[in-house]
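Chain by chain, the residues:
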Amino acid sequence: MTLRTPPLSVQPTSRLPAFLATLATLTVVGLVCARLAAYGIWDPWELAVADAARKLGESSQGVEPARSLVLRAISAAFGAFSTREWAGRLPIALCGVGLLVITFAWARRLATTRVGVMSLLVLGTTPLFLLHSRQMLGGTPTFLAGSCVMLGASVACLAPSDGREDTRWVWMAFATLSAIASLFVGGALLTIAPVLLAVAITWLLVRGGNRELPVAQRVCGLLCVLSAAIVTSAIARDVLRHAASSSLWIGGAPLDNTPPTFERSIEHLFHGFAPWSAVLPVALGSLLRIDDLRSPRSALKLCVVLWATFGYAAQTLFLSSYGSAPFPAPVALGVAAALWLDESDRSQRALWPEALIIMLLVGLLIRDFAFYPASPLGSLELDGLKLPESFNPKRVWALLLGAFAAAVALFGIATPERERLELKAPYRLITSAWRASLPHKLWLIALGLALVGMVGFGAGALLAPKLLKLSSIARRVGLVLGVIPLVLPVLIAIVQMLYHLAARLAKVRTVPLFAAALALGAYTSQWFLPQVSEQFSPRGVFDAYNEFAKPGEPLAQHRVEGRAAAYYARADVKEIAGRSELVSFLTGPGRRWAVFPSEDLPDIDVDFRKRTQRHLFVASDTTGRVTLAASTPVAGVSDHNPLARFVLKTAPKVQNPVNANFEDRVELIGYDLKLPGKDHVGAGQTFVVTWYWRALKANIGTYKIFVHIDGQDQRLNGDHEPVDGRYPVRLWDVGDVIVDRQELSVPATYPSGVYTLFVGFFRGESRLKLVQGTKDEANRLRAGTIRIR
């Protein structure tokens, strides 16, 4: 009996597939190991692991047993290569490479080499794998430990006989040693229990009743069943005991936390295993269709499904009481997707229904990644991980995931048909329909009239929109409709050519899928991860200090938790607790430097200006969590302090002067309008209004600005904190000129007409009284008008 499934169709004899598979595999390995030092240590999550590993070199007291092997490996790397990011990440990256090897070996041993390569590529291109393999906080060692147990146990218990039964004892010994190591990597709950339960149940269903099995295989199966029962009982005992100390069986100690709802893990897995998570529902559904439980391939399918199921159950249990943990069985999902791809590709049949489902799920991924930029990071299971609104690479995600969806469409329509490309075929079909019957003629006439009407409407929108009294949105729609009939023949020809190309690529139709996945993996590991790290790692600010500061210029740190300075700063860092003390430090003699949370910049800058009459010089970008500021500018270095652009001493020339006064506290000098049209904005379009305010008093209060754009029984609301919340009204000081820019979008449903701009200040139900300027009965300033078309 052999596990190798014969091909369902003749495969090409070219060496190109093997070359492409080797190249793709080396690329995935490169994505794991390349540029490990290109981004800083995440504070506080990765920094906590680094500190624990450093302390382990001095003393092993207080180290959690279930993570001791991982911490010892990181500590050894620090000792061998210095305390740098790449050194601490190297053991985790090597675990990632090892996981790829084990994934290939397991799928190859129980299926085929082709499935092994596909499994490796599926797993290696997901954010879940790449993010966990390139950081010290990663869970790749846990994945590797469980996968080693699975490889040894499944080969010993499930692999068909090859005439060398003694090797089963070797594989069983490998599984045993891997299980012992797993206790000190992630605990039995996440690594050992899901694997043993999956193999034991599969063996009982597939092999247990077969008396013709070799003795070694039967004994290994019984040992696996017994081990699964012992491990599960030990875990259940510790869960029920709820002891305060850490348990090797569970992998942690109980916490007083609120357990997440069951769907959180599914959501994080859906985002973390992208783009292949869109394939998983179809793949897992196909694996459940098992015709013969005793076939080797069916045994692998059942084992994969059970491993993923028990892995999800183990993660859910751990999250409910013991802390955070990633999904422990990503290898099972990678093999599941690879098995479906292999069987579908060998069948050489069209897969339109499956492709449509996958493309819809890819569209959901695009939507989630656009609205929630931190979605790909969910699989890290880190508490408090948020990205600023300014960071949203939604266009890149949409492009890469869109390319994967296009590859799925190609995969779905690719069949080995060799029909000649006939660009005239659609028009011969129209001719045949015209000759068929009267109803066909009527439908074709209606379609022709519709196309002519679209062209006519488009011509009117282009040449005479004012004569037709078209709104701006109607004009834009008309231009689009007018172009469609003109480009329709071209689109039909492109679709025909793509379908013909798909037929010619039928034997290599998985290549575009893996090419798109590799592109997404490259972006995730080499661009997205470093860009995200700028938001969580203070390395950039300390590197800026090391570069720009002259010898002897002191550095202070205020409200910055963690010990990142010990890893990056080339100077002694003074810890300052109070803001007043920090400002006193910055106003001392000579140039001085300070690192503090970016959210504190407005308050610190205000206090600094009161003493020096100038803004702080910010030497690093303020989009991250912390900011590096200097007391005086640095020659040749750009100032990144946004308040230097938005808080001025003198007012610039404004487009629309107003000169309104609110209770002798604030003056509206005027405003500028930036409209898409010369004198109007269209419905569905965006425009920019920039307000220029002058503070007449200090301590104005905790007011916000309201903006009402009223007209045609509609209201566009623009209430906001000034300067995007960077300089709230409570901080305004006498003489400040505030440049407050806001972008507003006009709903597509707004009718044409002239709208009035009302503006003022509010706090709850109260408003600052307007003492100079045109107001209405609601104490709102009539600042001007705007035309919407």
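Before any of the text, the structure's been laid out above.
Below is a short write-up of the structure.

Definitions and limits used
- Residues numbered from 1 in each chain as written.
- Predicted model: local features only at pLDDT ≥ 70, side-chain atom pairs only at ≥ 80, totals over all residues.
- Heavy atoms only, no water.
- Pairing = 2+ DSSP bridges.
- Helix = DSSP H or I, 4+ residues; strand = E, 2+ residues; numbered from the N terminus.
- Buried < 20%, exposed > 50% of the residue type's maximum accessible area, 1.4 Å probe, protein only.
- Arc of directions from axis to C-beta.
- Contact = heavy atoms within 4.5 Å.
- 1 Å grid on protein atoms, 1.4 Å probe; cavity = no way out; pocket = protein on both sides within 12 Å on 5 of 7 lines; lining within 4 Å.
- Points joined across faces, edges and corners; volume = space filled by probe spheres on them.
- Nonpolar A, V, L, I, M, F, W, Y, C, P; charged D, E, K, R; others polar.
- Phe/Tyr/Trp six-rings, centres within 6.5 Å; stacked < 30°, edge-to-face > 60°.
- Core = buried A, V, L, I, M, F, W, Y, C linked by side-chain atoms within 4.5 Å.

**Examining the sheet that holds strand β8 (residues 666–674)**
Strand pairing in a sheet relies on backbone hydrogen bonds, with the paired strands running either antiparallel or parallel. With antiparallel pairing, the six strands of this open sheet are ordered in space as β6-β12-β9-β8-β7-β15. Whereas interior strands pair on both sides, the edge strands pair on one side only; in this sheet they are β6 (647–648) and β15 (770–772). Two elements, β6 and strand β12 (residues 737–745), share two bridges in a ladder whose sense is antiparallel. Each bridged residue has a counterpart across the sheet, and for Val 647 the counterpart in β12 is Ile 738.

**Section: helix α24 (residues 579–586)**
Among all positions of α24, only Leu 582, Val 583, Phe 585 and Leu 586 are buried. Seen end-on, α24 carries its buried residues on one side only, within an arc spanning 155°. Contacts made by the buried residues of α24 are with β1 (555–558), β2 (573–576), β3 (593–597) and α25 (601–612).

**Quick notes on empty space enclosed by the protein**
To find leftover empty space, a probe the size of one water molecule is rolled over the atoms. This model, assessed by the stated rule, comprises four cavities of 30 Å³ or more. One number sums up the size of the largest cavity: a volume of about 60 Å³. If you go around the largest cavity, you meet 11 residues; those closest to its centre are Arg 109, Val 155, Ala 159, Thr 167 and Arg 168. Counting residues per element, the ones that place at least two in the lining of the largest cavity are α7 (140–158) and α8 (166–183). Across the lining of the largest cavity, the residue classes tally to five nonpolar, one polar and five charged.

**Digging into the packing of aromatic side chains**
Overall, the coordinates contain 25 aromatic pairs when judged by the stated rule. Judged by centre distance (6.3 Å) and plane angle (65°), the rings of Trp 42 and Trp 45 are edge-to-face. Accessibility classification places Trp 42 together with Trp 45 in one group, the buried group. Centre to centre, the rings of Tyr 523 and Phe 528 are 6.2 Å apart; their planes meet at 40°, and the pair counts as tilted.

**Focus on the nonpolar core**
Of all hydrophobic cores here, the largest spans 167 residues; its most connected members are Trp 106, Trp 276 and Leu 377. Ranked by residues supplied to this core, first place goes to α7 with 12 residues. Contacts of Leu 377, omitting those with residues within four sequence positions, involve Trp 42, Leu 131, Leu 385, Leu 387, Phe 528, Val 532 and Phe 536. If you look at the next biggest cluster of nonpolar residues, it comprises 46 residues, including Val 606, Leu 673, Trp 693 and Tyr 755.

**A closer look at the pairing of β3**
Of all five residues making up β3, five are buried, and the element is well covered by its neighbours. Relative to β3, β1 is paired through three bridges, and the arrangement is parallel. What sits directly across from Leu 555, in β3, is Trp 593. With five bridges joining them, β3 and strand β5 (residues 626–630) adopt antiparallel strand pairing.

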